[in-house]
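Fold and contact review
So the chains spell out like this:
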Amino acid sequence: MNGHDTELMESVLVDSGFQQIDSETAADIVILNTCSVREQAERKAIGRLHSLARRKKIEKNFSLGVTGCMAQNLGRELFRLIPDLDFAISPGCIHAIGKVLRRLENGEKQIFLSNGDTETSDDFCRRKITRASAFVTIANGCNMNCSYCIVPKTRGRETCRPMESIVREVQFLAERGVKEVTLGGQIVNFYGIRKIPFENGKSPFVQLLERVHAINGLERIRFLSPHPSGFRDDLIGCYANLPKLCPHVHFPIQSGSDRILRSMRRPYTRQTALEVLHKLRQNLPEMAISTDLIVGFPGEMEEDFRQTEQLFDKIDFDMAFIFKYSPRAGTPAAAMGNQVSQDVCEERHQILLKKLAITSIRRNRLFLNSHQPVLVEEPSTRDHHILWGYTPHHKKVFFLGPKELIGKIVDVKISHASTCALNGILEDDKG
Ligand code: 5AD
Ligand code: SF4
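These lines cover the structure that appears in this document, whether it is placed above or below.

For the rest of this paragraph, the subject is the environment of Ala288. Residue position: Ala288 is located in strand 11 (residues 288-295). Ala288 gets classed as buried once you look at its relative accessible area, which sits at 1%. Each residue touching Ala288, except ones within four places of it in the same chain, is listed here: Pro247, His248, Val249, Asp318, Arg363 and His393.

In structure tokens, the structure reads:
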């Protein structure tokens, strides 16, 4: 979501006459788009802001701003922490970035926009198309209130974009050569659940998938992030019925222990989650599955962690984002007793990372010697003759090829697999 918000702000700023440059030191304005999900991310951002603020002492015209979740989470406190900060804009108001910069030019100081301070537009979307794969926001905010999570505070209650507006954006993108869209939001599979009626047993999200699927020129559809509780048979069936829907699902399971899931306020059990994953792989045996897991949640005992380990062994995840629990002020979990020590968190983190290294390479090796359609993204930063892109299973593939292939889907024969990527040989360069 943050990466996408950055793109949206770039569009607004370029439209307002600002120019984007590569060099931070040469820029007159630096904006840090921030995340508050874990404390470490906020700490890093504050550190960067302190060092950037030093420029203000020498360069009178230099402006510094913060956008995103940290602006909402810390509010005006940010100006106390960084007195030279010029503005802070919460995620719900980032479309007003151009106006804020104009206010700054007119001499206003310490401008703060909190969620709800500006009106939003359903059609607020990018005009600049940077790659053949685009992220399209379908909903914003979250009503779930998982006990560890700061997002409901920083992004507010869920709002969903009208289906027509989303379809229009995807059409616009497909007409301009975009081949893949990722439908995004905090929880996408509950899209429109209270506003749009079910049709023939199909949820609003499945209806949206079908509408997007019908758009000519578009070749791949992904979505991020779904909630494990929102995988009913209508959605599972889409993997068989909608060929453009990529065979990869991100399934943020968070823990393998029912006791911990309850305490996290995640409304599913280990068993119901396993049933969904079983159905998904039954439908499509080679389905790639990734997940998010938190270790060291308050009260996580050896036995709870063992349940997570067992679940990890059972599913054979292609990829997992494993986080050490980070207490976030104001969330219910931060006030719970039985906080787990840093040492234990670290130990559990390492155990799961080691397991992931084994399962991810095993899953990646399944693709050895196969031909994969790769949507080419960009040249590798290490060697510009090497390109990279994603397969439908969301495997990153590196291969030697001319940069004219960027934005095309090419056939690559997989020759090598590591834990986080594949390497291959270009088989056809006709695109
Ligand atoms: N501590 C650690 N990880 C967290 N996440 C969300 N909140 C926290 C927290 N307080 C993780 C969850 C979520 C992902 C985006 O970040 O796993 O799925
Ligand atoms: Fe946070 Fe839970 Fe909402 Fe995800 S579903 S954004 S973890 S509150």
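Now, onward.
Another point: the packing of helix 8 (residues 204-213) against helix 9 (residues 233-241). One way to put it is that helix 8 packs onto helix 9 with a least axis distance of 9 Å and a crossing angle of 20°. In terms of orientation, helix 8 lies roughly parallel with respect to helix 9. In this structure, helix 8 meets helix 9 at a crossing whose hand is left-handed. Residues Phe205, Val206 and Leu209 of helix 8 pack against Asp234, Leu235 and Cys238 of helix 9. Its residues placed into classes, the contact of helix 8 with helix 9 shows five nonpolar, no polar and one charged.

Turning to the site of ligand 2, a few remarks are in order. Lining the immediate environment of ligand 2, one finds Cys142, Met144, Asn145, Cys146, Tyr148, Cys149, Val151, Pro152, Gln186, Ile187 and Arg266. Taken together, the residues of the shell around ligand 2 break down into eight nonpolar, two polar and one charged.

Spatially, 5-8-9 is the arrangement adopted by the three strands of the open sheet, whose pairing is parallel. A strand with exactly one partner marks an edge of an open sheet, and here the two such strands are strand 5 (133-137) and strand 9 (220-224). The mean angle between the axes of side-by-side strands here comes to 25°, regardless of whether they run parallel or antiparallel. In this sheet, strand 8 (residues 180-184) lies alongside strand 5 in parallel orientation, the contact comprising five bridges. Its bridge partner being in strand 8, Thr137 is matched across the sheet by Gly184. Docked against the sheet, helix 7 (residues 163-175) engages strand 5 and strand 8, running at close to 165° with respect to strand 5.

Definitions and cut-offs
- Residues numbered from 1 in each chain as written.
- Chains lettered and ligands numbered in written order.
- Predicted model: local features only at pLDDT ≥ 70, side-chain atom pairs only at ≥ 80, totals over all residues.
- Heavy atoms only, no water.
- Helix = DSSP H or I, 4+ residues; strand = E, 2+ residues; numbered from the N terminus.
- Buried < 20%, exposed > 50% of the residue type's maximum accessible area, 1.4 Å probe, protein only.
- Contact = heavy atoms within 4.5 Å.
- Axes fitted to C-alpha atoms, helices over the stretch in contact; angles between N-to-C directions.
- Parallel < 35°, antiparallel > 145°, perpendicular 65-115°, else oblique.
- Left-handed = near helix turned anticlockwise from the far one by under 90°.
- Nonpolar A, V, L, I, M, F, W, Y, C, P; charged D, E, K, R; others polar.
- Near = heavy atom within 4 Å.
- Pairing = 2+ DSSP bridges.

Geometric descriptors of this kind do not, in isolation, establish any biological role.
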